[in-house]
Amino acid sequence: MAPVGEIGMPCSNHKTTPKEQQESERRLRTIVVGDNAVCADCRLPIQFRNAWASINLGAYLCIQCSGVHRSLGVHLSKVRAVAADDWNSDWVDNMERWGNTRATAFWEAKPPQQRPEATQGATSASRPMVDFIRAKYAERVFAAEGVEPGDWLLYAPLANGWARHFDEESKSFYFSNGTETTWEVPLHAQLPPSESPLWWSGNEGWLEKKSGGHDGQSKMKLMQKWDKRFFVLDKCGTVLKYYKSDEAFRKREEPAGMVELRGASVFVKEAKGDLVRFTLLAPDRQLKLRAPMAEYRMWASALRPLVGDVTDGPAAMSDDD
Ligand SMILES: [Zn+2]
């Protein structure tokens, strides 16, 4: 039986012979084109000379995403450099059988509503990209459900503690929940169809929050100031929390404030130099915030699935300072 938790196609592990390598390279040179010439995860363009590949998943990757795949563990993804590594011929078979079109159809059957942006030439994947790739392969947030493709001779998790396994001896699948074992998939092991998932990577970091100075209270206005607060949006959470400090957050102290993001919107008030001032307008309260452009961009990207596109605020929104 295959190791529990292993996915994708089987891969040989013999040492590549020189003749095999010569033939593999010839074949690989012709298939890093079309969908395969764009990283399956971050969509950056790749070429034969700099492409990486997951030989059990049959997906072509950029160098940044290949690093994240390596961190998933070889039971989920086995990565090789297309041009620099030696290739066994069955690995090339896997890449031909799958490739990015089929890999995307399976792993993103429920297309993600948000996709982190990647930067060409970056030395490693960004944190949102790492989260995205983990969600995609380890947590299977977007994957097609039900029994896995027939050429994946390995383990597949099902509903209610059941899983599909492969019996090497009889070359057949069987189904088990640890106590019962059957050859036919039981009804209650079948996964329910689910709706397109709402997914985002979350974010955390410092923002400056304006305090005091309620509109029309001129005396209070004198007491307006910007306080640095540590903001946290959990992955897939809908509540933005802020804390007095990052330490308060790490120590799991109560947040200093919370905003429910469903029904909220974000308006940019002003972008001056590198500093962006923006307003988070929720049904029950508003937060006036500011951050350097790079930080602001990360927040806008993390908040977008919840609050929609960030717009310039209507004139009536602005106050006079
Ligand atoms: Zn990539």
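Analysis parameters
- Residues numbered from 1 in each chain as written.
- Predicted model: local features only at pLDDT ≥ 70, side-chain atom pairs only at ≥ 80, totals over all residues.
- Heavy atoms only, no water.
- Helix = DSSP H or I, 4+ residues; strand = E, 2+ residues; numbered from the N terminus.
- Buried < 20%, exposed > 50% of the residue type's maximum accessible area, 1.4 Å probe, protein only.
- Areas by Shrake-Rupley, 256 points an atom, 1.4 Å probe, with all protein chains shown as cover.
- Donors = N, O, S within 2.8 Å, 3.2 Å for Na, K, Ca; no water.
- Tetrahedral: all angles 85-135°; square planar, octahedral: opposite > 155°, others 65-115°.
- Bend = angle between axes of the 7 residues up to and from the residue.
- Phe/Tyr/Trp six-rings, centres within 6.5 Å; stacked < 30°, edge-to-face > 60°.
- Lys NZ or Arg CZ within 6 Å of the ring centre and 35° of its normal.
- Pairing = 2+ DSSP bridges.
- Core = buried A, V, L, I, M, F, W, Y, C linked by side-chain atoms within 4.5 Å.
- pLDDT = per-residue confidence, 0-100.
- Contact = heavy atoms within 4.5 Å.
- Axes fitted to C-alpha atoms, helices over the stretch in contact; angles between N-to-C directions.
- Parallel < 35°, antiparallel > 145°, perpendicular 65-115°, else oblique.
- Left-handed = near helix turned anticlockwise from the far one by under 90°.
- Nonpolar A, V, L, I, M, F, W, Y, C, P; charged D, E, K, R; others polar.

Draft legend 1. Seen up close, the overall build of the chain. Within the chain, the secondary structure is distributed over 8 helices and 15 strands. In the chain, which comprises 321 residues, the share counted as buried stands at 46%. When the accessible surface of the chain is totalled, it reaches about 16,700 Å², and 52% of it is carbon and sulfur.

Draft legend 2. Expanded view of the coordination of the zinc ion. Those protein atoms acting as donors to the zinc ion are Cys39 (SG), Cys42 (SG), Cys62 (SG) and Cys65 (SG), and they sit at 2.2 to 2.4 Å. For the zinc ion, the 4 donor atoms in the first shell make angles of 104 to 117° at the metal, a pattern classed as tetrahedral. Each donor residue of the zinc ion lies on the same chain, and together they follow the pattern C-x2-C-x19-C-x2-C. In this pair, Cys39 sits in the loop between helix H1 (18-31) and strand S1 (52-54) while Cys62 sits in the loop between strand S2 (59-61) and helix H2 (63-72), placing the two residues 23 residues apart along the sequence.

Draft legend 3. The arrangement of helix H8 (residues 293-307) in detail. Residue Ser301 marks the point of greatest curvature in H8, where the axis turns by about 30°; the proline Pro305 follows within four residues. Downstream of H8 by one or two residues, Gly308 has phi in the positive range, about 80°.

Draft legend 4. Fine view of the packing of aromatic side chains. A full pass over the atoms with the stated rule returns 12 aromatic pairs. For the ring pair Phe106 and Trp107, a centre distance of 5.1 Å and an interplane angle of 90° mean the geometry is edge-to-face. Each of the two residues, Phe106 as well as Trp107, counts as buried. Following the ring pairs from residue to residue traces out a cluster consisting of Trp98, Phe106, Trp107 and Tyr137. A cation over an aromatic ring shows up here: Lys228 above the ring of Trp206, its NZ or CZ 5.1 Å from the ring centre.

Draft legend 5. Structural context of the pairing of strand S9 (residues 225-233). Across 9 bridges, strand S8 (residues 203-211) lies against S9 in antiparallel orientation. Within S9, the position partnered with Gly205 by the bridge is Phe231. Inspection of the sheet shows S9 paired to strand S10 (residues 239-243) by 4 bridges, in the antiparallel sense. Note on S10: the bridge partner recorded for Phe230 is Tyr243.

Draft legend 6. Region of interest: the nonpolar core. Formed by 44 residues in total, the largest nonpolar core has its most connected members in Tyr60, Val82, Trp87, Trp107 and Ile133. Contributing elements (two or more residues each) for this core: H1, S1, S2, H2, strand S3 (79-81), helix H3 (89-97), helix H4 (100-107) and helix H5 (127-138). If one sorts the elements of this core by residue count, H5 sits on top with 5 residues. Counting 24 residues, the second-largest nonpolar core is a separate cluster that includes Val266, Val276, Leu280 and Val307.

Draft legend 7. Looking closely at the confidence of the model for the chain. Summary statistics for the chain give a mean pLDDT of 83 and a share of 83% for residues scoring 70 or more. Confidence over residues 315-321 falls short of pLDDT 50; this stretch has 14 contacts with residues more than four positions distant or in other chains.

Draft legend 8. View of unusual backbone geometry. Its identity is not glycine, yet Arg140 carries a phi of approximately 55°, on the positive side. Mapped onto the elements, Arg140 comes out in the loop between H5 and strand S4 (156-157). A positive phi angle, close to 60°, is found at Arg252, a residue other than glycine. For Arg252, the position within the fold is in the loop between helix H7 (246-250) and strand S11 (257-260). Assessed through its relative accessible area of 76%, Arg252 is described here as exposed.

Draft legend 9. Structural context of the packing of H2 against H5. Running from N to C, H2 and H5 cross one another at 50°; their axes reach a closest spacing of 10 Å. Looking at the two axes, H2 sits oblique to H5. For the crossing formed where H2 meets H5, the hand is right-handed. For the pair H2 and H5, contact is made by Cys65, Val68, His69, Ser71 and Leu72 and by Met129, Val130, Ile133, Arg134, Tyr137 and Ala138, respectively. Its residues placed into classes, the contact of H2 with H5 shows 8 nonpolar, 2 polar and 1 charged.

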